[in-house]
Amino acid sequence: MKILLTERQLLIFDLIVRHYIEFEEPLGSKTLLKESSLPLSSATIRNEMMRIEELGFLEKMHSSSGRIPSIQGYRYYVDQLLGKESEEVADEVKQMIKHGFQNPNREVQQVVEKSAEMLSFLTNYTALAIGPETKDSRLTGFRLVALNEGHVMAILVTDKGHVENQIFSVSPGFSATEIEKIVNIFNQELVGRTLQEVFVKLQTDIPLIIRKYVDAKIDFTAIFNDIVAKLEHDRFHVGGSMNLLNHLDSTMDKNKVKAILSMLNGSPDIHALFSNPYEGVGVKIGTELNNELLHNFSLITATYDTAGNGKGLIALLGPTNMPYQKMISIMKFMRYELSDSLNDLNK
């Protein structure tokens, strides 16, 4: 059963949340009355605050303190925001975002990485960005470049604008003619196929074909595996990881601080946060993140689409008392600008 606050309770609750977001201080009935000029007595406000606390939306830091929002309270507050039109993003913020995406010569990874950098700079929180999915990407280009005696670079290009390379060793005397033959085989047999199809053919048909025309033993399956792993790794970008330290409890154990920083450097735990993202804009708060290290944080996520070339995601990780309305508005604007930038790049 969904709990609904009365109009008066909602007004009081909203004032308490906004006060805590701005000042990070609990709010008592007398201070609330003084700051808001509500046409109510201090006793009435106190009674209503007690009722809101009983409903689970407010809590006390200690017995004699004022109230602060609970995780359930933040959830209620954010759900109200997500059901309304977001506030207008400041013009200077819009221009900064638009300007940040203007370079037409970037690759997909660079554009996605730039979005994480801009988000962290604009919000002073930790920003995360995940590039478009690679699982359905198609191989559109393949090259082999001889670097020196015994070393060759494989370069792979996908239809989503990803470019990856891998250097590998070859036997002495590996000739330019053999390089050309392998490139021709790849272009004929693999270009235009999805990366999954490429992987299967590298395990079945391709080794037989290469052995037929080229006198060289090269494990292209392993090379391709390494390249795809790099593609997945390059999808993930973090901006302002150290910003998270500004919002950690000063009493937090050093090992937990290290664990949080390690997580932001790409551990499986950080990827788990995005396992079931909301379509559009969503917010997970405190315990909803299912990670003990992040119980005092919230995660705002926003998916973006690249018009047939896969979906990606941007996110903000900050304290539970972040200014949600402002952050949600920035995220909505950023997701559309990022989509437009990547769509222009794909054209």
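What comes next concerns the included structure. (Residues numbered from 1 in each chain as written. Predicted model: local features only at pLDDT ≥ 70, side-chain atom pairs only at ≥ 80, totals over all residues. Heavy atoms only, no water.)

**Quick word on the overall build of the chain**
Working step 1: When you go through the chain residue by residue, the secondary structure sums to 13 helices and 10 strands.
Working step 2: In terms of overall dimensions, the chain is more spread out than a globule: its C-alpha atoms have a radius of gyration of 26 Å, far above the 20 Å expected for 347 residues.
Working step 3: A burial count over the chain gives 48% of its 347 residues as buried.
Working step 4: Taking the contacts inside the chain whose residues are at least 6 apart along the sequence as the reference set, 61% of them involve residues at least 24 apart.
Working step 5: For the chain, the accessible area works out to roughly 18000 Å², and carbon and sulfur atoms hold 49% of it.
Working step 6: Side chains of the chain give 36 positive and 44 negative charges; the mean places of these two sets differ by 3 Å. (Helix = DSSP H or I, 4+ residues; strand = E, 2+ residues; numbered from the N terminus. Rg over C-alpha atoms; globule rule 2.2 N^0.38 Å. Buried < 20%, exposed > 50% of the residue type's maximum accessible area, 1.4 Å probe, protein only. Contact = heavy atoms within 4.5 Å. Areas by Shrake-Rupley, 256 points an atom, 1.4 Å probe, with all protein chains shown as cover. Lys, Arg positive; Asp, Glu negative; His and termini not counted. Charge placed at Lys NZ, Arg CZ, Asp CG, Glu CD.)

**Focus on helix H11 (residues 254-264)**
Working step 1: Three or more residues of H11 are buried, namely Ile260, Met263 and Leu264. In a view along the axis of H11, the buried residues occupy a sector of 100 degrees, so they form one face of it. Of the exposed residues in H11, the ones pointing more than 90 degrees away from its buried face are Lys254, Asn255 and Lys258. (Arc of directions from axis to C-beta.)

**Side note on the pairing of strand E6 (residues 163-169)**
As a general feature of sheets, a regular strand has side chains that alternate between the two faces.
Working step 1: Along E6, the buried face is formed by Glu164, Gln166 and Phe168; none of Val163, Asn165, Ile167 and Ser169, which line the opposite face, is buried.
Working step 2: The pairing of strand E5 (residues 151-158) with E6 spans 7 bridges and is classified as antiparallel. Considered in E6, the bridge of Val157 is made with Val163.
Working step 3: Between E5 and E6, which pair antiparallel one after the other, the connecting turn spans 4 residues, and Gly161 there sits at a positive phi close to 85 degrees. (Pairing = 2+ DSSP bridges.)

**Notes on the packing of aromatic side chains**
Here a ring pair, both rings aromatic, is described through the centre-centre distance and the interplanar angle of the planes.
Working step 1: Summed over all chains, the structure comprises 5 aromatic pairs.
Working step 2: Their ring planes at 20 degrees and their centres at 4.2 Å tell us that Phe142 and Phe186 sit as a pair that is stacked. Note that Phe142 is positioned in strand E4 (residues 139-148) and Phe186 in helix H7 (residues 176-189), a separation of 44 residues in sequence.
Working step 3: Accessibility expressed as a relative area gives 4% for Phe142, which makes it buried.
Working step 4: Among the aromatic side chains, those forming a connected cluster through ring pairs are Phe13, Phe57 and Tyr76.
Working step 5: Over the face of the ring belonging to Tyr336 we find Arg335, whose NZ or CZ atom lies 5.0 Å from the ring centre. (Phe/Tyr/Trp six-rings, centres within 6.5 Å; stacked < 30°, edge-to-face > 60°. Lys NZ or Arg CZ within 6 Å of the ring centre and 35° of its normal.)

**Structural notes on the pairing of strand E3 (residues 126-130)**
Working step 1: Along E3, 5 of the 5 residues are buried, which leaves the element largely enclosed by surrounding structure.
Working step 2: Neither face of E3 is open: one carries Thr126, Leu128 and Ile130, the other Ala127 and Ala129, and all of them are buried.
Working step 3: Across 5 bridges, the pairing between E3 and strand E10 (residues 311-319) is antiparallel. Note on E10: the bridge partner recorded for Ala129 is Ile314.

**Examining the side chain of Ser70**
Working step 1: Secondary-structure assignment places Ser70 in the loop between strand E2 (67-69) and helix H4 (71-82).
Working step 2: Its relative accessible area of 5% is what places Ser70 among the buried residues.
Working step 3: If we ignore the near neighbours within four places in the chain, the residues touching Ser70 are Gly56, Phe57, Leu58 and Glu59.

**Some points on the layout of surface pockets**
Working step 1: The calculated volume of the largest pocket comes to roughly 650 Å³.
Working step 2: Taken together, 30 residues make up the lining of the largest pocket; nearest its centre are Tyr20, Glu24, Pro319, Thr320 and Asn321.
Working step 3: Elements supplying a minimum of two residues to the lining of the largest pocket: helix H1 (7-23), strand E1 (58-60), E2, H4, helix H6 (108-123) and helix H13 (324-346).
Working step 4: Split into classes, the residues belonging to the lining of the largest pocket amount to 16 nonpolar, 9 polar and 5 charged. (1 Å grid on protein atoms, 1.4 Å probe; cavity = no way out; pocket = protein on both sides within 12 Å on 5 of 7 lines; lining within 4 Å. Points joined across faces, edges and corners; volume = space filled by probe spheres on them. Nonpolar A, V, L, I, M, F, W, Y, C, P; charged D, E, K, R; others polar.)

**Let's talk about the environment of Asn148**
Working step 1: Locating Asn148 in the fold gives a position in strand E4.
Working step 2: Looking at Asn148, the relative accessible area reads 48%, which means it is partly exposed.
Working step 3: A sequence separation of 21 residues divides Asn148 from Ser169, and the C-alpha atoms of the two residues are 9.9 Å apart.
Working step 4: Side chain to side chain, Asn148 and His151 meet in a polar contact 3.1 Å long. (Polar contact = N/O pair within 3.5 Å; in protein donor to acceptor, adjacent residues only side chain to side chain.)

**Details of the sheet that holds strand E7 (residues 236-239)**
Working step 1: If you walk across this open sheet you meet the 5 strands as E7-E3-E10-E9-E8, and the pairing is antiparallel. Pairing within the sheet leaves two strands with one partner each, and these edge strands are E7 and strand E8 (281-285). Between one strand axis and the next, the sheet turns by 15 degrees as a mean value, whatever way the strands run. (Axes fitted to C-alpha atoms, helices over the stretch in contact; angles between N-to-C directions.)

**Here we look at the environment of Asp305**
Working step 1: Residue position: Asp305 is located in strand E9 (residues 297-305).
Working step 2: Spatially, the C-alpha atom of Asp305 lies 43 Å from that of Ser36, the residues being 269 residues apart in sequence.
Working step 3: Discounting residues that sit within four places of it in the chain, Asp305 has contacts with Gly310, Lys311, Ser339 and Asn343.

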